[in-house]
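Coordinate inspection notes
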Amino acid sequence: MNVRDEFIKYFVKNGHKQIPSAPIVPENDPTVLFNTAGMQPLVPYLMGEKHPYGNRLCDYQKCVRLTDLDEIGDKTHHTFFEMLGNWSLGDYFKKESINYSFEFLTKVLNIPLERLAVTVFAGDDKIPLDEATASYWKSHGISEDRIAYLGRDNNFWIAGDSGPCGGDTEIFYFRSNDEIPKKFDPNDERWVEIWNNVFMEFYQDKDGNITELKQKNVDTGMGLERIVAVLEGTDDNYKTSIWSDVIHKLEDISNLSYEGNEKAMRIIADHIRTSVFISADPASIKPSNTDQGYILRRLIRRYIRQARKLGIDINSDFDLELALIIMDKYEKYYSELKDNRDAVLEVLSLEKKKFARTLEKGLREFEKLVGNDTKIIGKDVAFKLYDTYGFPIELTLEEAKDRGMIVDVDGFYDKFREHQEKSRTASKGKFKGGLSGDGEIETKYHTATHLLNAALKKVIGPSVHQLGSNITPERLRFDFPCDHKMTDDEKKKVEDLVNEWIKEDLSVQKLEMSKDEAIKSGAECTFIDRYPDIVTVYKIGDVSMELCGGPHVSHTGELGEFKIKKEESSSAGVRRIKAILK
Ligand code: SER
């Protein structure tokens with residue numbers, strides 16, 4: 001079954017007009033780099049402007065999201081994806097929207113009722129609990145047990161921090177061969193979200209004030225990759241019919257099988273598809289060092305490095321062969337892929353040639369600068385390789401690893417940030433939801449990460465330590481060893497502890513000492529070998545002491561409120577927390 005075609009057919013039959021996908025590079029919005037949701041090009045119409053196609057619309061929209069760029073390589077993340085959506089612009093509202101979604105899922109896609117569950121907005125101090133939505137679901141046979149009522153963090157949708165918004169209801173599917181539990185637990189990872197229906201009846205301004213919109217709208221979004229995986233019975237999006245031809249070609253080119261090489265193959269497949277779509281977009285984006293061009297450059301260089309890792313000859317046409325498969329497959333839905341075919345191939349191939357030269361030159365410089373007589377690659381050398389020879393830090397790390405050397409990564413990032421501060425100019429603010437961050441908020445997340453580590457040790461046990469950490473302006477991410485899914489009680493205890501320490505406004509001290517001294521004083525450090533002899537230790541009140549390059553705030557009181565947004569499995573025996581500061 002072709003879900004995309006069935007979706008459009010169903011909504012057109014029900015009085016909707018199909019609108020073409022808007023370009024991925026927004027035409028009239030300089031504040032964002034890419035279109036991140038189906039509703040984004042429709043904002044003026046949700047606000048009340050008349051849409052030339054009428055007030056019932058449907059489409060499939062190209063979207064690019066970069067917030068989770070470093071998660072690409074797992075089973076479910078993509079930088080480019082398509083969102084199926086239907087809209088009512090002041091026409092029908094909750095009841096009909098739920099009728100349509102339910103009928104499409106159960107009658108067209110034939111999903112059995114017992115595999116479905118929903119979340120409903122529980123209300124807050126400004127907006128009441130959405131009883132109407134719950135009662136419409138029940139009228140279709142969804143039992144009270146299969147409805148979870150969640151607050152603003154989960155069941156309220158807004159793009160960014162101001163704009164049209166409203167409570168939403170999310171539809172979940174039970175993806176497992178286990179017996180289906182009677183009661184729906186939205187934290188149970190066997191339930192996956194497949195569709196989001198937002199009831200956009202409010203407008204939120206920058207200060208958080210909420211007013212009613214002129215009209216009540218419906219905005220729905222269903223990720224095509226996810227629903228296809230669900231219907232095809234796999235939890236690996238890259239094993240679906242959407243990707244099989246690309247993955248097979250990659251297996252062919254590399255002479256390796258997907259099993260065992262999943263991560264690199266997924267990154268290559270994902271990044272080539274996104275690069276094809278960005279360079280085919282009417283905005284004619286070319287690789288560069290700013291804005292969309294910078295993202296395109298990063299994506300291309302990243303898949304080339306992954307290809308090299310798989311032993312693919314990067315001077316061959318491996319990328320063009322893959323790009324052609326992608327363009328052939330999608331051109332009937334996106335005519336720009338047909339019109340700009342040659343331009344796309346030229347962009348990819350020129351950038352590859354440039355990067356291949358950088359790589360060669362970089363590797364030569366690497367040998368010269370690093371030689372074989374050192375165990376540690378210091379921050380200055382790592383930064384020079386990056387800054388002067390365009391040699392990405394990831395590559396320095398890989399090369400160092402092959403030679404049994406370690407790199408002062410934190411030192412590199414310190415220099416990198418210093419440099420970034422200096423050169424941050426016009427593009428400031430444009431990276432909302434993108435890659436680059438605001439130094440201040442990232443600093444807060446660094447400190448919050450130390451507090452989280454300390455709180456987890458108290459709640460889960462002393463075996464907790466940092467296995468991985470990643471910070472974006474939107475959130476922190478922390479991986480740690482733990483043999484079970486955290487209970488709600490454990491999560492609450494961790495949050496409470498961190499918030500208590502924030503309230504106490506503990507001072508954050510930066511200490512320098514020898515590595516031995518640091519170890520003796522009990523400072524926390526997972527990868528002690530990676531550090532130089534003199535290390536920096538950050539001490540927060542009496543609750544935490546960790547080796548770290550920083551930067552950190554000077555007092556915990558600066559952090560605001562700490563909240564865990566997600567706790568999930570990262571790999572066997574490793575849990576992952578995503579948390580935010582409000
Ligand atoms: N705007 C909502 C989302 O992106 C529904 O389309 O999830």
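Residues numbered from 1 in each chain as written. Predicted model: local features only at pLDDT ≥ 70, side-chain atom pairs only at ≥ 80, totals over all residues. Heavy atoms only, no water.

On to the packing of helix α8 (residues 262-280) against helix α12 (residues 341-370), then. Following both chains from N to C, one finds α8 and α12 inclined at 125°, their axes separated by 9 Å at the closest point. Of the possible angle classes, the one that applies to α8 and α12 is oblique. Between α8 and α12 the crossing geometry is right-handed. Judged by residue contacts, Ser275, Val276, Ser279 and Ala280 of α8 engage Val344, Val347 and Leu348 from α12. Of the residues assigned to the contact of α8 with α12, the class counts are five nonpolar, two polar and no charged. (Axes fitted to C-alpha atoms, helices over the stretch in contact; angles between N-to-C directions. Helix = DSSP H or I, 4+ residues; strand = E, 2+ residues; numbered from the N terminus. Parallel < 35°, antiparallel > 145°, perpendicular 65-115°, else oblique. Left-handed = near helix turned anticlockwise from the far one by under 90°. Contact = heavy atoms within 4.5 Å. Nonpolar A, V, L, I, M, F, W, Y, C, P; charged D, E, K, R; others polar.)

The subject of this paragraph is helix α17 (residues 488-503). If you check α17, its first and last C-alpha atoms are 22 Å apart, about what 16 residues at 1.5 Å a residue would give, namely 22 Å. Turning to α17, the residues buried within the fold contact α16 (439-459) and β17 (562-571). A positive backbone phi angle near 50° is found at aspartate 505, which sits one or two residues after α17. (Expected span 1.5 Å × (residues − 1).)

Once that is clear, we can look at the site of the ligand. Lining the immediate environment of the ligand, one finds Ala37, Met39, Arg65, Met83, Trp157, Asn196, Val198, Asp219, Thr220 and Gly221. Tryptophan 157 has a polar side-chain atom sitting 3.4 Å from an oxygen atom of the ligand. For the ligand, an oxygen atom lies 3.2 Å from a polar atom in the side chain of asparagine 196. Contact with the protein chains covers 94% of the free accessible surface of the ligand, which is 230 Å². Elements represented by at least two residues in the shell around the ligand include exactly β8 (191-204) and β9 (210-223). In terms of residue count, the dominant contributor to the shell around the ligand is β9 (three residues). (Near = heavy atom within 4 Å. Polar contact = N/O pair within 3.5 Å; in protein donor to acceptor, adjacent residues only side chain to side chain. Areas by Shrake-Rupley, 256 points an atom, 1.4 Å probe, with all protein chains shown as cover.)

Residues with a pLDDT of 70 or more make up 95% of the protein, whose mean pLDDT is 90. Predicted confidence is poor over residues 425-437, with pLDDT under 50, and the contacts of this stretch with residues over four places away or in other chains come to 27 contacts. (pLDDT = per-residue confidence, 0-100.)

Looking now at helix α9 (residues 291-309). Given a rise of 1.5 Å per residue, 19 residues ought to cover 27 Å, and the 28 Å separating the end C-alpha atoms of α9 matches this to within 8%. Most of α9 sits out of view: 15 of its 19 residues are buried. The first or second residue beyond α9 is glycine 311, which carries a positive phi of 85°. (Buried < 20%, exposed > 50% of the residue type's maximum accessible area, 1.4 Å probe, protein only.)

In this fold, valine 64 is placed in strand β2 (residues 56-64). Classification of valine 64 by relative accessible area gives buried; the value is 1%. Here the alpha-carbon distance between valine 64 and alanine 356, two residues 292 residues apart in the chain, equals 26 Å. Residues in contact with valine 64, not counting those within four places in the same chain, are Ile24, Phe34, Asn35, Thr36, Thr79, Phe80 and Thr274.

Within a sheet, adjacent strands bond to each other through the backbone by hydrogen bonds, running parallel or antiparallel. Ordered by their spatial adjacency, three strands build an open sheet running β14-β15-β16, and the pairing between neighbours is antiparallel. Strands at the two margins of the open sheet, each flanked by one partner only, are β14 (508-514) and β16 (544-547). Within the sheet, the average angular offset between the axes of one strand and its neighbour, ignoring direction, is 25°. Bridge analysis of strand β15 (residues 534-540) against β16 gives four bridges, and the strand direction is antiparallel. Paired with lysine 539 across the bridge in β16 is methionine 545. (Pairing = 2+ DSSP bridges.)

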